[in-house]
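# Tertiary structure, described
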Amino acid sequence: MIKKNVGVIGYGKWGKTIVDELCKISNIQFILRSKDDYKNYTNKVDWIFVLTPNNTHYSITKFFLKKKINVFCEKPLSLKITEAKKLVTLSNSNNVKLYINDIENFKNKKIKVNKLINHIIRTKKDDITSNSLLYRLAYHDFYLLSKYIYLDKIKLIKSKKINKKKLNFEIILKNNQVFNFYYDINRNPAEHIINKTKFHIYNINPIKKMLMSILYKSHTSFKKNNQDALNCIKLITKVKNNI
């Protein structure tokens, strides 16, 4: 395997985790912080990894896509659906690849969806607040359930409990199927469960598997990844408007 040359922008807690894995499977040409000037770093890289704060994703990703360089972007692609759509269109028109973090897909888990009520639960001790619960946690569940939850299928969104550390809401579909989402970042043990499927228990390295798929696997579906990313942003916007 000929290792890809990659550049990294963003080196926070999660950025360091990604870099640790990238070191094993690629040649890292540079690592920049989110506030560094990245515009002179377009040579000799196959991929750019954008691991910066959410509000910077759009401008950085747009710059490198315009330079016809493949981009991996941490979720969400943008906080605005209009901007996210522009980035997907830009990647297609410039014939370059765009991939948004969907790490939970690489834990090799199967979800059994019930016809009536479905429970999505995630608990952990964390210092994030309810303002980021949707982007940090619910985002993952939205793409995991992308076969079932789309805007045109939603009949109602009901908020049940909300505070700085807890978020609980229901998405009710037109067929009366219910998805109850419960997030609590002030509670141990750390769990991530969809119905009876436990995503917090796994025997593989999902980060390595995701990165290998992006960089080296020919069958990776970038189109589906992009569609799921757009759907997640739409759903988050919808939920935010109803809680």
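The sections below set out a description of the structure shown in this document. By convention here, each chain's residues receive numbers from 1 onward along its written sequence. Totals for whole chains, interfaces and linings use all residues, but because this is a predicted model, local features are given only for residues with pLDDT of at least 70 and pairs of side-chain atoms are given and counted only at 80 or more. Values shown for side chains rest on all heavy atoms present in the structure; no hydrogens or waters enter the calculation.

### Description of the sheet that holds strand E3 (residues 47-50)
- The criterion for strand pairing is that DSSP finds at least two bridges linking the strands in question. Numbering of helices and strands starts at the N terminus; helices are DSSP runs of H or I of at least 4 residues and strands are runs of E of at least 2. As summarised here, the arrangement of the five strands in space is E2-E1-E3-E4-E5, forming an open sheet in which the pairing is parallel. The sheet is open, and its two edges are formed by strand E2 (26-32) and strand E5 (98-100), each paired on a single side. Neighbour to neighbour, the strand axes of the sheet diverge by 20° on average, direction disregarded. Only the contacting stretch of a helix is used when fitting its axis, a line to C-alpha atoms as for every element, and angles between N-to-C directions run 0 to 180 degrees.

### What to know about the nonpolar core
- Throughout this description, the term nonpolar core refers to a set of buried Ala, Val, Leu, Ile, Met, Phe, Trp, Tyr and Cys residues connected via side-chain atoms within 4.5 Å. Relative accessibility thresholds used throughout: buried, under 20% of the residue-type maximum; exposed, over 50%; partly exposed, between the two (1.4 Å probe, protein chains only). In terms of nonpolar packing, the biggest core is built from 75 residues, with Phe49, Phe142, Ile171 and Phe181 touching the most fellow members.
- Take this core: its biggest share by element is nine residues, from helix H4 (residues 130-144).
- In what follows, residue pairs with any heavy atoms lying within 4.5 Å of each other are defined as contacts. Those residues in contact with phenylalanine 181 that lie beyond four places of it in its chain are Ile120, Asp141, Phe142, Leu145, Ile149, Leu167, Asn168, Phe169 and Ile171.

### What about the sheet that holds strand E6 (residues 117-125)?
- Across the sheet, which stays open at both edges, the six strands sit in the order E7-E8-E9-E6-E10-E11 with mixed pairing between neighbours. Sheet topology places strand E7 (154-162) and strand E11 (197-198) at the edges, where each strand pairs with a single neighbour.
- Here seven bridges tie E7 to strand E8 (residues 166-173), and the two strands are oriented antiparallel to one another. Note on E8: the bridge partner recorded for lysine 161 is asparagine 168.

### Some words on the side chain of asparagine 180
- Within the secondary structure, asparagine 180 sits in strand E9 (residues 178-184).
- For asparagine 180, a relative accessible area of 9% translates into the label buried.
- At 3.1 Å, the side chain of asparagine 180 and the side chain of glutamate 170 are in polar contact.
- Here asparagine 180 is in contact with Asn118, His119, Ile120, Lys160, Asn168, Phe169 and Glu170, once residues within four sequence places are set aside. Definition of a polar contact: a pair of N or O atoms within 3.5 Å, with one able to donate and the other able to accept a hydrogen when the atoms are protein atoms, and with sequence-neighbouring residues admitted only if both atoms are side-chain atoms.

### Some thoughts on the pairing of strand E4 (residues 70-73)
- The side-chain alternation of E4 yields two buried faces, one formed by Asn70 and Phe72 and the other by Val71 and Cys73.
- The sheet contact formed by E3 and E4 spans four bridges and is parallel. Among the inter-strand pairings, phenylalanine 49 is bridged to a residue of E4, identified as phenylalanine 72.
- Tracing the backbone out of E3, into helix H2 (residues 57-66) and back to the parallel element E4 gives a crossover that is right-handed.
- In the sheet, E4 pairs with E5 via three bridges, with the strands oriented parallel. Its bridge partner being in E5, phenylalanine 72 is matched across the sheet by tyrosine 99. For a crossover, the right-handed case is the one in which the path from the first strand over the helix to the second runs clockwise, viewed with the strands pointing away from the viewer.

### What about the packing of helix H3 (residues 81-93) against helix H6 (residues 222-240)?
- For the pair H3 and H6, interaxial distance at closest approach is 10 Å and the crossing angle is 170°. By the angle class used here, H3 and H6 are roughly antiparallel. Residue-level inspection shows Ile81, Ala84, Lys85, Val88 and Ser91 of H3 in contact with H6, the latter providing Asn226, Leu230, Ile233 and Lys234.
- By the convention adopted, Pro, Cys, Tyr, Trp, Phe, Met, Ile, Leu, Val and Ala count as nonpolar, Lys, Arg, Asp and Glu as charged, and the other residues, Gly among them, as polar. Looking at the contact of H3 with H6 residue by residue, the classes come out as five nonpolar, two polar and two charged. The cut-offs work like this: below 35 degrees is roughly parallel, past 145 is roughly antiparallel, 65 to 115 is roughly perpendicular, and the gaps in between are oblique.

### So, the pattern of salt bridges
- Just to be clear on terms, a salt bridge is a Lys or Arg side-chain nitrogen sitting within 4 Å of an Asp or Glu carboxyl oxygen. Counted according to the given criterion, the structure contains three salt bridges.
- Here lysine 107 makes a salt bridge to glutamate 104, at a shortest N to O gap of 3.0 Å. Judged on exposure class, the residue lysine 107 and its partner glutamate 104 are both buried.
- We note a salt bridge from aspartate 228 to lysine 224, for which the minimum N-O separation is 2.6 Å. Highlighted residues: aspartate 228 and lysine 224, both in helix H6, separated by four residues, approximately one helical turn.
- What makes aspartate 228 buried here is its relative accessible area of 7%.
- Classification of lysine 224 as partly exposed rests on a relative accessible area of 40%.

### Describing the packing of aromatic side chains
- Two rings from Phe, Tyr or Trp (for Trp, the six-membered ring) form a pair when their centres are within 6.5 Å of each other. A pair whose planes differ by under 30 degrees is stacked, one over 60 is edge-to-face, and the rest are tilted. Per the counting criterion, the structure on display carries 13 aromatic pairs.
- A ring pair is formed by tyrosine 99 and phenylalanine 222, whose centres lie 5.6 Å apart and whose planes are at 85°; its orientation type is edge-to-face. With tyrosine 99 in strand E5 and phenylalanine 222 in helix H6, this pair connects stretches of sequence that are 123 residues apart. An identical accessibility class is assigned to tyrosine 99 and phenylalanine 222; each is buried.
- Here the aromatic residues Trp47, Phe49, Phe72, Tyr99 and Phe222 are joined through ring pairs into a cluster of three or more.

### Re H3
- Counted at 1.5 Å a residue, the expected span for H3 with its 13 residues is 18 Å, and the 18 Å between its end C-alpha atoms agrees.
- Those residues of H3 that fall on the buried side of the exposure criterion are Ala84, Leu87, Val88, Leu90 and Ser91. Relative to the axis of H3, the buried residues are bounded by an arc of 160° and lie together on one face. In H3, the exposed residues that point more than 90 degrees away from the buried face are Thr82, Lys86, Thr89, Asn92 and Ser93. Multiplying 1.5 Å by the residue count of a helix minus one yields the expected span of that helix. By definition, the arc is the one covered by directions from the helix axis to the C-beta atoms.

Any link to function would need more than the numbers given here.
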